[in-house]
Amino acid sequence: MSVAAQPLANDHAHEEGHHEPTFIEKYIFSTDHKMIAKQYLITGLIMGVIGISMSMLMRLQLAWPNESFWIYEVLLGKFGEGGVMDPSIYLALSTIHGTIMVFYVLTAGLSGTFSNLLIPLQIGARDMASGFMNMISYWLFFISSIVIVSSFFVEAGPASAGWTVYPPLSALPQAIGGSGLGMTLWLVAITIFIASSLLGSLNYIVTVLNLRTEGMSMTRLPLTIWAFFVTAIIGVVSFPVLLAAGLLLLMDRSFGTSFFLSDIYIQGEVLSYQGGSPVLYEHLFWFLGHPEVYIVLLPALGITSEIIATNSRKPIFGYRAMIASILAIAFLSTVVWGHHMFVSGMNPFLGSVFTFTTLLIAIPSGVKAFNYITTLWKGNLQLNPAMLFSIGLVSTFVTGGLTGIILGDSTLDINVHDTYFVIAHFHLVMGISALYGLLAGVYHWFPKMFGRMMNKNLGYIHFWITAVGAYGIFFPMHFIGMAGLPRRYYKFTEFPYFDDLADTNILISVFAFITASAQLFFVYNFIHSIFYGKKAEQNPWKSNTLEWTTPVKHIHGNWPGEIPKVYRWPYDYSKMNKDETEYVIPGQDFVPQNVPIQENEEELNE
Amino acid sequence: MIALLIILVAALLGITIWQISKIFKLSQPVESDDSQIATNKDNEKQGKLFLVFIVFLYGLMIYSFWELSKFYAPGASDHAAEYDQLFFISLGLIMFVQVIIQFLIHWFSYKYRGQKGRKALFYADNDKLEFIWTIIPVITLAALIIYGLFSWSEIMNVEETDETLVVEIYAYQFDWRARYSGEDRTLGEANVRFIEGVNQLGLNESDPYAQDDIITTELHLPVGRPVLFKFRSQDVLHSAYFPFFRSQMNVVPGMITQFGFTPTTTSKEIRNSEYMVEKVRNINEIRRNNDNLGPDEKEYEFEYYLLCNKICGVSHYNMQMKIVVETEEEYQKWIEEQQSFGELTAQN
């Protein structure tokens, strides 16, 4: 007892006094943030493989709607009998694809991985504020993943009402088979997911506020940390609202309340619900749903800010403007949800208000894009795979963001609402962009996570096929949306008017198959490099942030000696001395954050 | 079992790629640098690939506009012209920005590709520049917002005059019905609780206004007359999407939503328009070559349609209603041939 009661005055004592962790402590129920980050990443990637495979089945169906494929029967069982996809399973696939990609891959897989890995390492902390809470957060996420995947194995199929699960469709098993047990499992999974996300987010917020090392003021934080911090705040503000919506929906489903249901006649009988409104559910859902877009996107933008600065060998342009735009985006993201509901039947005046706030959000987003481009300007770009994905993100973020100006305008939304135009828009701006952010992060911090390097040539092949494919899928998709093609249609052949779009649908599907196969390069590279990759050096990208001052081998507590002190912001790349004759540290174009201000150096940004 | 198969396939593919990469590696001259960090040579090559990529991206954009923008459906309502104008102005603006920004991103990635000995410019801040690219979007967006809001309030605030035709659009899994108000120009009271037998839309039989209501399976509209639609759903959410009329409104159980427009082009006119003749000719060619279609399905003639655009169940993809826009006389003739609700209930 006396040993444990001793304060950890000496950091070495902390090291040596630690008993050898067992396998279970080290790899399964670990409370070490680095291990939890890896657990999040690997779970997220597996969910990503599942989610992307689902979209492949959908693309196969949409390209050749009247053909049969044995793969349906193999993968979907009775829902693909004789190689013909059942319309109900098509809707289930689109529902679960959306749910998995948005929540499990791009929220938990992205935020969970990199917030956990980078927050303690980049702010100079030994671990998260609560390692135990962190572990619980991961395991809740894991259970939630199991529940959502298991919903594919229930008799009537998984939830099929779209990832937004609007009632009454999601509330009434009579309306669609998936709204029975499948939908219950969806609600259970999401409830557990919200608990996991809240535990994680609170931990991130507390850690960033309280555990920064000496000298690490808020204005010296890397932009990654700013992004994770603000993302966590948005999550804490908006996820509970989804929980409320889910609970009320559960009550309507199971206990006969009428929060969202009214005046329904289905399968020959009038239901007793009276007085509720589905529009109320839409409001509650999108109060989370829209901030969720930024929960997905902001970490990706934070990651790329860091990677672009490091690989351009230049400071990020407009550091303070970047922080201001993160904060502006975070604030605005909570007051724009109504743009998903312009034609929902809500008062048109509200539509005007939401158009206004929505188009406002283009301003900070624009500032971010311009700042990225200026960071590239006159740089010395080290085109590592992580850098390629970061540049790719800027490109898709701009392309996808611009079409948001059309969808955010209530008038223009009338005719493209719920068409493929919307699908193209949000896949580019949040799907592809956030995935690029995730991949960039993996390529960049792989040496930190696994102590080895990923193969760069496979990384290059992976990037270029993905970049060509992603645009090949989603750019033409805008046009079939403008033609009036609705989303969530099992096939389009019931309308002869759409017959001439078939070729474009095939083109999109072919691009989709190629792009998805290119991800195998990544999967192989990832797994192979964990075991056989080249051993990494301590600071392979010559980066300034604190995580590269830790040893390659993971140790509990991150730094073997004292925690480093911070003397400068993280972006002193290619900084010259006062006489403009040499770099601040001669022969080295970067100055890590833990290096004190030099004699011949001008101090900036303080 | 299935999961096992997938894992097996994935593993086999993985092994294939591994072997290919091994062969690839063996066939290469031995590289001295295997640090897995971009070298001068890598920067050179990847920088050039960014140039190739921007050519691809521009090519894709040109192809899409050239080949695919013809799918944009012609407008056939009073506000369609205004809608299209706003749409094209916005589209022009965003494409203008898109072309420039994408050029900058990819050109910089090429131009400033890393070279040994190159010094990057330490350039951390410039308030003037940042002010410029904040204020330009502010002004442009302000103009777009104001323009959009004027159109929005014009489209959404439909005034009901003596001339207005009020039609109820009734949605259920998986079809539509239209209800006309008849001679008294007032729709009778209705609620799902009145649904019984032939009274499929739940009209209140004791309401005198309901007696002359006319329920149809096709939507006929007289050209040039403002129509105000009242939407009602029997079961789940639907969305009434009229692509040619640039109109859409969700159909929500428990409440009545509305939307209005004035059709300006009759079905006959649009069928004979140059655009539609060409399009239908093309579609019929495709249909003739399609072996899955029966002989009577091969010939397609254009009709306006209303489709469901909010996920509503398994047959969501095939929930449509034919719309006919015709002259006032043709419309009057058609409506007189229809059975009123009173006649319908008296019959049964």
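The rules behind each value
Residues numbered from 1 in each chain as written. Chains lettered and ligands numbered in written order. Predicted model: local features only at pLDDT ≥ 70, side-chain atom pairs only at ≥ 80, totals over all residues. Helix = DSSP H or I, 4+ residues; strand = E, 2+ residues; numbered from the N terminus. Rg over C-alpha atoms; globule rule 2.2 N^0.38 Å. Buried ≥ 20, exposed ≤ 12 C-beta atoms within 10 Å, placed from the backbone. Contact = placed C-beta atoms within 7 Å. UniProt positions renumbered as here; feature names shortened; annotations may be inferred. pLDDT = per-residue confidence, 0-100. Pairing = 2+ DSSP bridges. Axes fitted to C-alpha atoms, helices over the stretch in contact; angles between N-to-C directions. Domains from an automatic or database assignment. Nonpolar A, V, L, I, M, F, W, Y, C, P; charged D, E, K, R; others polar. Parallel < 35°, antiparallel > 145°, perpendicular 65-115°, else oblique. Left-handed = near helix turned anticlockwise from the far one by under 90°. Expected span 1.5 Å × (residues − 1).

With that settled, consider the overall build of chain A. Of the regular secondary structure elements, chain A holds 18 helices and two strands. Over its C-alpha atoms chain A spans a radius of gyration of 25 Å, differing by no more than 12% from the 25 Å that the globule rule assigns to 606 residues. The buried share of chain A, taken over its 606 residues, is 62%. Of the contacts made within chain A by residues no fewer than 6 positions apart, 79% connect residues no fewer than 24 positions apart.

What follows deals with the environment of Tyr83 of chain B. Note on placement: Tyr83 of chain B falls in helix H3 (residues 80-111). Between the C-alpha atom of Tyr83 of chain B and that of Phe244 of chain B, which follows or precedes it by 161 residues, the distance is 11 Å. With near-sequence residues (within four places) excluded, Tyr83 of chain B lies in contact with Thr411 and Asn415 of chain A together with Gly75 and Arg246 of chain B.

Take the UniProt feature "transmembrane region" (unreviewed entry) in chain B next. Residues and elements named next belong to chain B. Within this numbering scheme, the UniProt entry marks residues 6-24, 49-66, 86-110 and 131-150 as carrying the feature "transmembrane region" (unreviewed entry). In residues 86-110, the share of helix is 100% and the share of strand is 0%. The end C-alpha atoms are 36 Å apart. Split by type, residues 131-150 is 100% helix and 0% strand. Its first and last C-alpha atoms lie 29 Å apart.

The omega torsion of the bond from Pro167 of chain A to Pro168 of chain A falls at 0°, within 30 degrees of zero and hence cis. For Pro168 of chain A, the location among the structural elements is in the loop between helix H7 (131-150) and helix H8 (181-210). Look at the link from Gln173 of chain B to Phe174 of chain B: it is a cis peptide, with omega at -5°. On the secondary structure map, Phe174 of chain B appears in the loop between strand E1 (165-172) and strand E2 (175-180). A positive phi angle, close to 50°, is found at Asp263 of chain A, a residue other than glycine.

The subject of this paragraph is the UniProt feature "domain: Cytochrome oxidase subunit II copper A binding" (unreviewed entry) in chain B. Mapped onto this numbering, the UniProt entry gives "domain: Cytochrome oxidase subunit II copper A binding" (unreviewed entry) at residues 162-337 of chain B. Structurally, residues 162-337 of chain B comprises 20% helix and 31% strand, and the distance from its first C-alpha atom to its last is 23 Å.

A separate point is the confidence of the model for chain B. Here chain B shows a mean pLDDT of 90. Residues at 70 or above account for 94%. For this predicted complex, the interface score ipTM comes out at 0.91, alongside a pTM of 0.92.

Turning our attention to the sheet that holds strand E10 (residues 320-326) of chain B. Sheet strands line up and pair through hydrogen bonds in the backbone, either parallel or antiparallel. All names here are of chain B. Read across the open sheet, the five strands follow the order E4-E10-E9-E6-E7; overall the sheet is mixed. At either end of the open sheet lies a strand with only one pairing partner, and these are strand E4 (219-222) and strand E7 (247-251). Ignoring strand direction, the axes of neighbouring strands in this sheet form an average angle of 25°. Sheet topology note: the strand E6 (residues 238-242)/E7 ladder contains five bridges and is antiparallel. From the neighbouring strand, Phe242 faces E7, where its bridge partner is Ser247. Most of the contacts of helix H8 (residues 328-337) go to E4, to which it runs at about 140°, and overall it touches E4 and E10.

Residue and element names in this part refer to chain A. Parsing chain A into structural domains produces domain 1 (32-212), domain 2 (291-535) and domain 3 (543-597). Across the boundary between the two partners, domain 2 contributes nine residues, which contact 10 residues of domain 3. Residues that form the side of domain 2 that touches domain 3 fall into these classes: four nonpolar, two polar and three charged.

Moving on: the interface of chain B and chain A. Taken together, the contacts link 110 residues of chain B with 118 residues of chain A. Secondary structure elements with two or more residues in the side of chain B that touches chain A: helix H1 (2-27), helix H2 (40-68), H3, helix H4 (127-156), E6, E7, helix H7 (274-288) and strand E9 (304-308) of chain B. Counting residues per element, the side of chain B that touches chain A draws most heavily on H4 of chain B, at 15 residues. Looking at the side of chain B that touches chain A residue by residue, the class counts come to 62 nonpolar, 35 polar and 13 charged.

On to the sheet that holds strand E5 (residues 227-233) of chain B. Residues and elements named next belong to chain B. Reading across the sheet, the five strands line up as E3-E2-E1-E5-E8 and stay open at both edges, with mixed pairing between neighbours. Single-partner strands in this sheet number two, and they are strand E3 (214-216) and strand E8 (257-261). Between one strand axis and the next, the sheet turns through 25° on average, direction left out of account. Sheet topology note: the E5/E8 ladder contains five bridges and is antiparallel. Of the residues in E8, the one forming a bridge with Val227 is Phe261.

A few words now on the packing of helix H12 (residues 348-360) of chain A against H4 of chain B. Orientation of H12 of chain A relative to H4 of chain B, taken along the N-to-C sense of each, is 165°, at an axis distance of 10 Å. Accordingly, the angle class assigned to the pair H12 of chain A and H4 of chain B is roughly antiparallel. At the point where H12 of chain A passes H4 of chain B, the crossing takes the right-handed sense. Counting all contacts with H12 of chain A, which are made through Pro348, Gly351, Ser352, Thr355, Phe356 and Leu359 of chain A, the residues of H4 of chain B involved are Leu141, Leu144, Ile145, Gly148, Leu149, Trp152, Ser153 and Met156 of chain B. Taken together, the residues that form the contact of H12 of chain A with H4 of chain B break down as nine nonpolar, five polar and no charged.

To continue, consider the pairing of E2 of chain B. All names here are of chain B. In the sheet, E1 pairs with E2 via six bridges, with the strands oriented antiparallel. Residue pairing in the sheet places Ala171 in a bridge with Trp176 of E2. Where E1 folds back onto E2 in an antiparallel hairpin, the turn is made up of two residues. Judged from the three bridges that link them, E2 and E3 form a sheet pairing that is antiparallel. The residue bridging Tyr180 from the neighbouring strand is Ile214, located in E3.

This part takes up the packing of helix H10 (residues 278-312) of chain A against helix H13 (residues 362-376) of chain A. All names here are of chain A. Between H10 and H13, the least distance of the axes is 9 Å, while the angle of their chain directions is 15°. Between H10 and H13, the angle falls in the class roughly parallel. As for how H10 packs across H13, the hand of that crossing is left-handed. Contacts between H10 and H13 involve Leu301, Ile308, Ala309 and Ser312 on the former and, on the latter, Lys368, Tyr372, Thr375 and Leu376.

It is worth spelling out helix H14 (residues 385-407) of chain A at this point. For H14 of chain A, spanning 23 residues, the distance from its first C-alpha to its last is 33 Å, which sits close to the expected 33 Å at 1.5 Å a residue. For H14 of chain A, a buried count of 22 out of 23 residues is recorded, marking the element as mostly surrounded by other parts of the structure.

Looking now at H4 of chain B. Each α-helix winds once per 3.6 residues, and so residues spaced three or four apart point in a common direction. Counted at 1.5 Å a residue, the expected span for H4 of chain B with its 30 residues is 44 Å, and the 42 Å between its end C-alpha atoms agrees. Packed against the buried residues of H4 of chain B are helix H11 (319-333), H12, H13, H14 and helix H15 (410-416) of chain A together with H3 of chain B.

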